[in-house]
Amino acid sequence: MNTPDLIYLDHAATTRTLPEAVRAMLPYFTEVYGNPSSAYGFSDRPREAAARARKQCADVIGADASEIFFTSGGTESDNWALTAAVLSGRGRRIITSAVEHPAVLRTCAFLEAHGARVTYLQPDREGFLSPEQVENALTPDTCLISVMTANNEIGTIEPIREIGALAKRHGILFHTDAVQAYCHIPIDVKRDHIGLMSVSGHKFGGPRGTGFLYIRKDVKIGALLHGGPQERNRRAGTENIPGIVGMGTAAELSASRLAENTGRERALRDRLVSRVLSEIPGASLNGPPVNGGQRLANNADFTFDGIRSDALLIRLDLQGICVSAGSACSTGALTPSHVLTAIGLTEEEARGSIRVSVGPENTMEEIDRTADALRENIQKMREMISSF
Ligand code: PLP
């Protein structure tokens, strides 16, 4: 249930915390608030709760609980994976892609400024990278391959199993940013040969500010945060037990509902795509086709010829519809999305793009109201432009 009259279609940005997760968290704020590092019995329950959540998070991906290291979210997990790989001394080159989230790309830029080398692979028109491309880029000094599981803007699901297999063949550590994929598509860390995986709690009904880094048992990487002995000496800082409990609860529930949720999301998304493409002249879909199975079920990303997405977003916002621009507005200028330009859109096309990401709670009526609003607003905007 959303705020009345609000149509929330930005689930890739964040999701409503599941009520079951909120209920599970509450006692850890007010009743069982002991520090899990303390020796007295009062801290037993928080300690046990963290252990339970660790297993809930691990079970979703076929991992062992001991391989889950709680963090503050996707950004921290990405920073940790990349920085620790370079500091491990196994080499100074990272192979990654031009369509990663800034949490990966900006960390790469930081590491480059400190002597690391980074290869940015260019995707094809739909956002796909090929395993051959990754293999051809390998150098003797490569310490890490980092390729996202699914793209946050255009929903492309990368061939991570094949990339994981080639990383294994070459004895190179493989990291994947699975922030948009965990609990949205099935992932098996063993089958997919994943060494490190970043996850964020708020993308699947857990609370914001929670996440974890999966670190396969045999992978030796150091800590990012130094201090106390928490997380087996690998991530210092008093644990966010309520958040961890909420994330564990959401992981278990969302994984158990994965097929049902994605079925609903696909039906909603497909209706929106079909209405937009058939009713709005000059509309196109960015990323893979919706019927090919290689695109997140909740994602649609459109370009509308001649339209500025920031102006469209304001109009939709005034009508209570939340979607996201494919481009970031910084200090008044609309910076075109690096993902859209990497897949070949011009800067102008990228500035006319919006991302719609549905959730299982959305209804067909909301989708129809959104399609109507898009059609009417775009028509009015074009009439205004042509009257100048
Ligand atoms: N990686 C991807 C692919 C994302 O979509 C996001 C957030 O949108 C992040 C990383 C960052 O996650 P967090 O918000 O938990 O720091």
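Here, the structure is the one placed above.
The text that follows walks through the structure, step by step, so that each part is easy to find. These numbers were taken from a predicted model, which means no experiment stands behind them. (Residues numbered from 1 in each chain as written. Predicted model: local features only at pLDDT ≥ 70, side-chain atom pairs only at ≥ 80, totals over all residues. Heavy atoms only, no water.)

## Comments concerning the pattern of salt bridges
Stated formally: Any Lys or Arg side-chain nitrogen found within 4 Å of a carboxyl oxygen on Asp or Glu counts as a salt bridge. Counting from the N terminus, the helices are the DSSP runs of H or I reaching at least four residues and the strands are the DSSP runs of E reaching at least two. The buried label goes to any residue with under 20% of its type's maximum accessible area, the exposed label to any with over 50%, and the partly exposed label to all in between, with areas taken from a 1.4 Å probe on protein chains only.
Applying the stated rule across the entire model yields 27 salt bridges. The partner of Glu231 in a salt bridge is Arg54, and the shortest N-O contact between them spans 2.8 Å. Linking Glu231 in helix H8 (residues 230-233) with Arg54 in helix H3 (residues 44-59), this pair joins segments that are 177 residues apart in sequence. Assessed through its relative accessible area of 14%, Arg54 is described here as buried. Notably, a salt bridge pairs Asp368 with Arg275, separated by 3.0 Å at the nearest N-O pair. With Asp368 in helix H14 (residues 364-387) and Arg275 in helix H10 (residues 258-279), this pair connects stretches of sequence that are 93 residues apart. Assessed through its relative accessible area of 12%, Arg275 is described here as buried. When salt bridges that share partners are traced, they join Arg271, Arg275, Glu279, Asp368, Asp372, Arg375 and Glu376 into one network.

## Brief notes about the layout of surface pockets
Just so we agree on the cut-off: Cavities and pockets were defined on a 1 Å grid built over protein atoms only: a cavity is a set of grid points that admits a 1.4 Å probe from which the probe cannot escape, a pocket is an open set flanked by protein on both sides within 12 Å along at least five of seven lines, and lining residues are those with an atom within 4 Å of any such point. Grid points are joined across faces, edges and corners, and a volume is the space filled by probe spheres set on the points. Three classes are used, and their members are as follows: Ala, Val, Leu, Ile, Met, Phe, Trp, Tyr, Cys and Pro are nonpolar, Asp, Glu, Lys and Arg are charged, and the others, Gly among them, are polar. Residue ranges assigned to the domains are those given by an automatic or database domain assignment.
Of the volumes computed, that of the largest pocket is approximately 520 Å³. Forming the boundary of the largest pocket are 31 residues, of which His11, Arg16, Leu18, Pro360 and Glu361 lie nearest the centre. Among the secondary structure elements, those contributing two or more residues to the lining of the largest pocket are helix H1 (19-25), helix H9 (241-256) and H10. Residue contributions to the lining of the largest pocket peak at six residues, all from H10. Residue classes in the lining of the largest pocket are distributed as 10 nonpolar, 13 polar and eight charged. Split by domain, the lining of the largest pocket shows at least three residues from each of two domains, domain 1 (7-15 + 258-387) and domain 2 (19-256).

## Things to note about the site of the ligand
Keep this limit in mind: Note on definitions. A residue lies near a molecule or strand when any single heavy atom of the residue is within 4 Å of it. Polar contacts here mean pairs of N or O atoms no more than 3.5 Å apart (in protein, one a potential hydrogen donor and the other a potential acceptor; neighbouring residues in sequence count only if both atoms are side-chain atoms). Only the protein chains shown count as cover for residues, and all accessible areas are computed by the Shrake-Rupley method using a 1.4 Å probe.
Close to the ligand lie 13 residues, the nearest being Thr75, Asp177, Gln180, Ser200 and Lys203. The separation between an oxygen atom of the ligand and a polar side-chain atom of Thr75 is 2.6 Å. One of the side-chain N or O atoms of Gln180 is found 2.8 Å from an oxygen atom in the ligand. Coverage of the ligand by the protein amounts to 86% of the 390 Å² it exposes when considered alone.

## Describing the packing of aromatic side chains
Counted only if it meets this: The pairing test for Phe, Tyr and Trp rings, Trp by its six-membered ring, is centres within 6.5 Å, and the orientation test on the planes gives stacked under 30 degrees, edge-to-face over 60, and tilted for anything in between.
Scanning all chains against the criterion turns up five aromatic pairs. By the ring-pair criterion, three or more aromatic residues cluster together here, those being Tyr182, Phe204 and Phe212.

## Some thoughts on H10
Inclusion rule: Helix span is expected to be 1.5 Å times the residue number reduced by one.
If you check H10, its first and last C-alpha atoms are 31 Å apart, about what 22 residues at 1.5 Å a residue would give, namely 32 Å. Buried residues of H10: Leu258, Asn261, Thr262, Glu265, Leu268, Arg269, Leu272, Val273, Arg275 and Val276, and no others.

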